[in-house]
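# Secondary and tertiary structure notes
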Amino acid sequence: MTVVEESTGAVETAEDVAVVDRPTGGGTTLPDVVATSVPPNRLRTLSGFSRADLMNLVGALISSASITFLLFGVLAPLSGTLGFVVVAWLMFLVVYGLLVSLDDTRPVVVDKVMSAVMLSTALLAGIALFSVIFYTLAKGWGVLFRWNFYTQDMSTTGPTDPLSQGGIGHAILGTLIIIGIAIAITVPLGLAAAVFLNEVLNRFSQFVRTVVDAMTALPSILAGLFIFATWILILGFERSGLAAAIATSIMMLPIIIRSADVVLRLVPGNLKEASFALGAPQFRTVGNVTLPTARSGLATAVILGIARGIGETAPVLLTAGYTATINNDPLHNPMVTLSLSTYYFVKSPQQSLIQRGFATAAVLMILVLVLFFIARLLGGRQAGQLSSRQAKRVRARSRKDLARFDARHAPAEPTLAPAILGAEADALPPPPVPHQESSP
Amino acid sequence: MTVVEELAPGAPGPGALTKVRQGPPPEPRAPEPRRISNNRVKGDRVFLGSSYLSGLVVLFIMVAVGVFLTFEALDALRAQGASFLTTSEWETDRGKFGIASIMLGTGLVALVAVGVAMPIAMGTSLFITNIAPAKVRGFLVGMVDLMAAVPSIVYGLWGAYFFQGMAVNVARWINTWLGWMPWFSVNGADPSNPNGSLTVYTASIFVAGVVVALMVMPIQTSVMREVFSQVPIGEREGAYALGGTRWGVIRIVSLPFARGGIIGGTMLGLGRALGETIAVALILSASFDLKFRILESGGNTVSKLIADQYSEASGFGLSALFAAGLALFAITLIVNFTASWFVARSRSGAESDG
């Protein structure tokens, strides 16, 4: 569209030139160009929404709804909301296509209908997500605002007891302990492995990367089965929070390594090269350039990995056992997570337990949503883009460095530390060059 | 090649200090390459050492899982031989078990999931990259990422208690009108009776597959979005300049460019769908029939089998579960590596001058 506008501008300039009287001396006589009134170029709209579009859309919506009511009510007695929506949608596409074809050509009709299809797939995804979130919240709503739901456990609460008794305190505690241990294992190991994959480039690291990629394909239940067979059956430990945490770690590790690897690969090479060129060894470069540059991306990778780990049920199902009492010892006795207790709650036929199950799922979901939004906040910035507080910290560090340099090179000179990067820099005299010996 | 040779003063010559000598140049001295040595400081050696160590630990864990899986599965595989692949029952005590029906069930759930998720993922990713205004785009990207973060048990609950109630009507409609196709037929259903029981349609592979579709759709969407956004802007603008409509540009430029990414993203979703456990375990009711009837109640998948049976399994039974898990892992691995090959092979990163 910009191109079209520019060409309109060019036409106008040509007109201006043509109207100007030229002196007709010499051999050449310019033809007297009559400034014809050129109609302004009408811009072809590639996007946007005209009134006709709106009319077509509304008309198609109304008529498809009517047709579907007719079909459902009179002609073919079908049932179910889902069927109604599907039929109405198909009708809408047909009617919309017909309406557009009244005053547009075939490519436009195809374009409009396909745009409507793509819009509706995106809408469908959104509706599905919000239906999942709101259905879970709505079913658990009655329990979510009871304080005992968060502080008590289920040890003395029977399946027929009212909702004012019992809660999921044990599951909340278990989730936090298990994910805490899993974080303690996976985050240092995962980040170190991602740094290894990026800093060491040889056949061995290539091999490790391939194996990690392969392990992202490991179905999560197999991680649980592996720990169940080794830790519990062969080594003879009991089912515990620690076993569940290890199983969760095996599942989370490839996810964290892979996404951290991608983030680290995005760190601009010239930053690292500049650091090397200044003589920094590799570990300084990684610590002072690579990791700080990728910090927000790494945080996102880690948090999303944690969100996956918190919500995972299958590895915990095989390794944690089940308990209804609060257990804060990850080494002994079974422990239960939010996802696992949801699974056991809804397997019971009791309505009140199913409601507790939904409320537990809602708590888990809210936890994951909070983690997700923290990750989005952190990941919103590109690598190297600093928040105002970070920028302030960087400036402060630079000032301190300058003060240090000054102190080393010219101890007698007054310090010039505040001069750098501040507004008062203009007011001060230019600083003397401290590196006298390095000038030619 | 001409070489300017400087002559010593007083050398024979026509009063010139230099003369141009034509002919073959003298053998150039091979330039001595500067030896680049890397004297690592102590900190670097520590860093590299620990870095290698973490790589080794990760490698060890991952390989240990794979090797242990294979090792444990050998018992059962040796006992069953080829009949492991063809038997439908799972009765380890009687020594009669195989993965025919559960592998078929796993595959069908995954196929239904991908069949539902793939068009939605493609439409959504195309909408995000080609149609949506910038503000809507950011919102949609966040929404899709959020869908990936929602725990699978939440999807499972939604599917079992909310979606199933709506899906059975659709299942009956499909069965009534398309029931002549063998995979849409349902044993025990009576399409002529509009008030017939709907329970024959519950807990089916179809319902489980659609719920799993919600879980794999975000992965597919994000891979496809990535690939669609790499379509060279020059080629797209060229197509617009030739008068293409938006759909025309998508069809002529975007889709052919992104074919590898579309296939790869779809297969990555397939890999995820194959391993999904808890949502399937909540929805599907276990049966070991070898059947293609996806609308009919009952079915089984490998992960559901493991989740159901691990606690009663002992010794040999556990080995049989490991064998089933190994088979699933092998298939997922093949699917995932094929997918990454497709994604890497697509013209990702290719630039056009535009």
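Residues numbered from 1 in each chain as written. Chains lettered and ligands numbered in written order. Predicted model: local features only at pLDDT ≥ 70, side-chain atom pairs only at ≥ 80, totals over all residues. Heavy atoms only, no water.

## As for the overall build of chain B
Here is the rule we go by: In this description a helix means any DSSP run of H or I spanning at least four residues, a strand means any run of E spanning at least two, and both kinds are numbered starting from the N terminus. Partly exposed residues are those whose accessible area sits between 20% and 50% of the maximum for their type, while under 20% is buried and over 50% is exposed, using a 1.4 Å probe and protein chains only. Only the protein chains shown count as cover for residues, and the accessible areas themselves come from Shrake-Rupley with a 1.4 Å probe.
Along its length, chain B carries 12 helices and four strands. The buried share of chain B, reckoned over its 354 residues, is 52%. For chain B, the exposed surface amounts to about 16,900 Å²; the carbon and sulfur share of it is 62%.

## A few points about the overall build of chain A
Basically, it comes down to this: Two residues form a contact once any of their heavy atoms are found within 4.5 Å.
Broken down by element type, chain A carries 16 helices and zero strands. Among the 440 residues that make up chain A, the fraction classed as buried is 41%. Pairs at least 24 residues apart make up 65% of the contacts formed inside chain A by residues separated by at least 6 positions.

## What to know about the pattern of salt bridges
Quick note on the threshold: Should a side-chain nitrogen of Lys or Arg be within 4 Å of a carboxyl oxygen of Asp or Glu, the pair is scored as a salt bridge.
One pass over the structure, following the stated rule, counts nine salt bridges over all chains. A salt bridge links Asp 401 of chain A to Arg 404 of chain A; the shortest N-O distance between them is 3.2 Å. On the criterion of helical spacing, the pair formed by Asp 401 of chain A and Arg 404 of chain A is a turn pair, its members being three residues apart in helix H16 (residues 388-409). For Asp 401 of chain A, a relative accessible area of 30% gives the class partly exposed. Notably, a salt bridge pairs Asp 308 of chain B with Lys 304 of chain B, separated by 3.2 Å at the nearest N-O pair. Separated by four residues within a single helix, Asp 308 of chain B and Lys 304 of chain B lie in helix H11 (residues 302-309), roughly one turn from each other. Judged by relative accessible area, Asp 308 of chain B falls into the partly exposed class, the value being 30%. Taking the relative accessible area as the measure of exposure, Lys 304 of chain B reaches 4% and is therefore buried.

## Here we look at the confidence of the model for chain A
Regions with low pLDDT should not have their predicted coordinates read in detail. All names here are of chain A. In plain terms, the rule: pLDDT expresses, on a scale from 0 to 100, how confident the predictor is about each individual residue.
Per-residue confidence for chain A averages 79 on the pLDDT scale, and 79% of its residues sit at or above 70. No element of chain A has a lower mean pLDDT than helix H1 (residues 2-19), which averages 42, and none a higher one than helix H6 (residues 169-199), which averages 91. Counted against residues more than four places away or in other chains, residues 1-20, with its pLDDT under 50, gives 12 contacts.

## Looking at the interface of chain B and chain A
Just so we agree on the cut-off: When two components associate, each loses some accessible surface as probed by a 1.4 Å sphere; the sum of these losses over both components is called the buried area. Two N or O atoms count as a polar contact when they lie within 3.5 Å, although within protein this holds only if one can serve as hydrogen donor and the other as acceptor, and sequence-adjacent residues are included solely when both atoms are side-chain atoms.
Listed per partner, the contact involves 86 residues of chain B and 88 residues of chain A. Buried surface at the junction of chain B and chain A, summed over both partners, amounts to about 7,400 Å²; 80% is from carbon and sulfur atoms. Counting the contacts that link chain B with chain A gives zero salt bridges. There are 11 residue pairs in polar contact (both at pLDDT 80 or more) connecting chain B and chain A.

## Remarks on the confidence of the model for chain B
Residue and element names in this part refer to chain B. Of all residues in chain B, 87% attain a pLDDT of 70 or more, and the chain-wide mean is 82. Mean pLDDT in chain B bottoms out at strand S1 (residues 3-6), which sits at 46, and peaks at helix H3 (residues 100-131), which reaches 92. Segment residues 348-354 is flagged for pLDDT under 50; beyond a separation of four residues in sequence, or across chains, it makes 10 contacts in the model.

## Things to note about the nonpolar core
One broad trend across soluble globular proteins is that nonpolar side chains are buried collectively. Counted only if it meets this: We define the nonpolar core as a collection of buried residues of types Ala, Val, Leu, Ile, Met, Phe, Trp, Tyr and Cys that are connected through side-chain atoms lying within 4.5 Å of one another.
With 205 residues, the main nonpolar core has Leu 225 of chain A together with Trp 90, Tyr 155 and Leu 321 of chain B as its most contacted residues. Examining the composition of this core, we find that 17 residues originate from one element, H3 of chain B, more than from any other. Among all residues touching Leu 321 of chain B, those that are not within four sequence positions of it are Leu 225 of chain A together with Trp 90, Leu 305, Ile 306, Gln 309, Tyr 310 and Ala 313 of chain B. Phe 92, Leu 93, Val 95 and Val 113 of chain A belong to the second-largest nonpolar core, a separate cluster that totals nine residues.

## Topic: helix H9 (residues 259-275) of chain B
Because the α-helix completes a turn every 3.6 residues, residues three or four places apart line up on one side. Just so we agree on the cut-off: Every helix has an expected span of 1.5 Å times one less than the residues it contains.
The terminal C-alpha atoms of H9 of chain B, which comprises 17 residues, lie 25 Å apart, in line with the 24 Å expected from a rise of 1.5 Å per residue. Most of H9 of chain B sits inside the fold, with 13 of its 17 residues counted as buried.

## Section: unusual backbone geometry
Not every positive phi belongs to a glycine, and Asn 333 of chain A is a case in point at roughly 65°. Residue position: Asn 333 of chain A is located in the loop between helix H13 (314-319) and helix H14 (338-346). In this structure Asn 333 of chain A comes out as partly exposed when scored by relative accessible area, which is 43%. The phi dihedral of Ala 203 of chain B is positive, around 55°, even though this residue is not glycine.

## Structural notes on the environment of Ser 287 of chain B
Residues and elements named next belong to chain B. One can find Ser 287 in the loop between helix H10 (278-283) and H11. Judged by its relative accessible area of 17%, Ser 287 falls in the buried class. Spatially, the C-alpha atoms of Ser 287 and Gly 105 are 9.6 Å apart, while their sequence positions differ by 182 residues.

## Focus: the packing of helix H4 (residues 106-144) of chain A against helix H4 (residues 134-149) of chain B
Cut-off, in case you're wondering: All axes here are fitted lines through C-alpha atoms, helices being fitted over the stretch that makes contact, and every angle between N-to-C directions spans 0 to 180 degrees. Working definition: roughly parallel below 35 degrees, roughly antiparallel above 145 degrees, roughly perpendicular at 65 to 115 degrees, and oblique for all remaining angles. Helix crossings are classified by the rotation of the near helix relative to the far one: an anticlockwise turn of less than a right angle makes the crossing left-handed, while a clockwise turn makes it right-handed. Amino acids are sorted into nonpolar (Ala, Val, Leu, Ile, Met, Phe, Trp, Tyr, Cys and Pro), charged (Asp, Glu, Lys and Arg) and polar (every other residue, Gly among them).
Contact geometry for H4 of chain A and H4 of chain B: axes closest at 10 Å, N-to-C directions at 50°. Relative to H4 of chain B, the element H4 of chain A lies oblique. Like other packed secondary-structure pairs, H4 of chain A and H4 of chain B cross with a definite hand, here left-handed. Taken together, the residues of H4 of chain B that come into contact with H4 of chain A (itself represented by Ala 122, Ala 125, Gly 126, Leu 129, Phe 130 and Ile 133 of chain A) are Phe 139, Leu 140, Met 143, Leu 146 and Met 147 of chain B. In the contact of H4 of chain A with H4 of chain B, the residues fall into 10 nonpolar, one polar and no charged.

## Some points on a positive patch on the surface
Residue and element names in this part refer to chain A. Where we set the bar: By definition, no residue in a patch forms a salt bridge, and every one has over 30% relative accessible area; like charges are joined within 9 Å, nonpolar side chains (Val, Leu, Ile, Met, Phe, Trp, Tyr) within 5 Å. We score Asp and Glu as negative and Lys and Arg as positive, and we do not count His or the chain ends. In plain terms, the charge of a residue is placed at NZ if it is Lys, CZ if Arg, CG if Asp and CD if Glu.
Where like charges cluster on the molecular surface, the positive patch consists of Arg 295, Arg 389, Lys 392, Arg 393, Arg 395, Arg 397, Arg 399 and Lys 400. Considering the arrangement of structural elements, one finds Arg 393 in helix H16. Relative accessible area serves as the criterion here: at 46%, Arg 393 is assigned to the partly exposed category.

## Description of a nonpolar patch on the surface
Together, Leu 54, Val 58, Leu 61 and Ile 62 of chain A line one region of the surface with nonpolar side chains, adding up to about 360 Å² of accessible area. Residue Leu 54 of chain A is classed as partly exposed on the basis of its relative accessible area of 42%.

## A word on the side chain of Ser 101 of chain B
Its location among the elements puts Ser 101 of chain B in helix H3. Its relative accessible area of 4% is what places Ser 101 of chain B among the buried residues.

## A closer look at the side chain of Asn 148 of chain A
Residues and elements named next belong to chain A. Inspection of the secondary structure puts Asn 148 in helix H5 (residues 148-151). Among the residues examined, Asn 148 registers a relative accessible area of 12% and is labelled buried. If we ignore the near neighbours within four places in the chain, the residues touching Asn 148 are Leu 163, Ser 164, Gln 165, Gly 166 and Gly 167.

## Topic: H14 of chain A
Burial within H14 of chain A is extensive, with eight of its nine residues counted as buried. Those residues of H14 of chain A not exposed but buried are Leu 338, Ser 339, Leu 340, Ser 341, Thr 342, Tyr 343, Phe 345 and Val 346 of chain A.

## Topic: the environment of Val 212 of chain A
All names here are of chain A. Along the chain, Val 212 turns up in helix H7 (residues 203-215). Residue class for Val 212 comes out buried when judged on its relative accessible area of 2%. Put simply, Val 212 and Ile 257 are 45 residues apart on the chain and 7.7 Å apart in space, counted from C-alpha to C-alpha.

## Structural notes on the packing of helix H8 (residues 220-234) of chain A against helix H9 (residues 241-265) of chain A
Residues and elements named next belong to chain A. Orientation of H8 relative to H9, taken along the N-to-C sense of each, is 140°, at an axis distance of 9 Å. When the axes of H8 and H9 are compared, the pair comes out oblique. Crossing angle aside, the handedness with which H8 passes H9 is right-handed. On H9, the residues that touch Ser 220, Ala 223, Gly 224, Phe 226, Ile 227, Trp 231 and Ile 232 of H8 are Leu 242, Ala 243, Ile 246, Ala 247, Ile 250 and Met 251. When the residues that make up the contact of H8 with H9 are grouped by side-chain class, the tally is 11 nonpolar, two polar and no charged.

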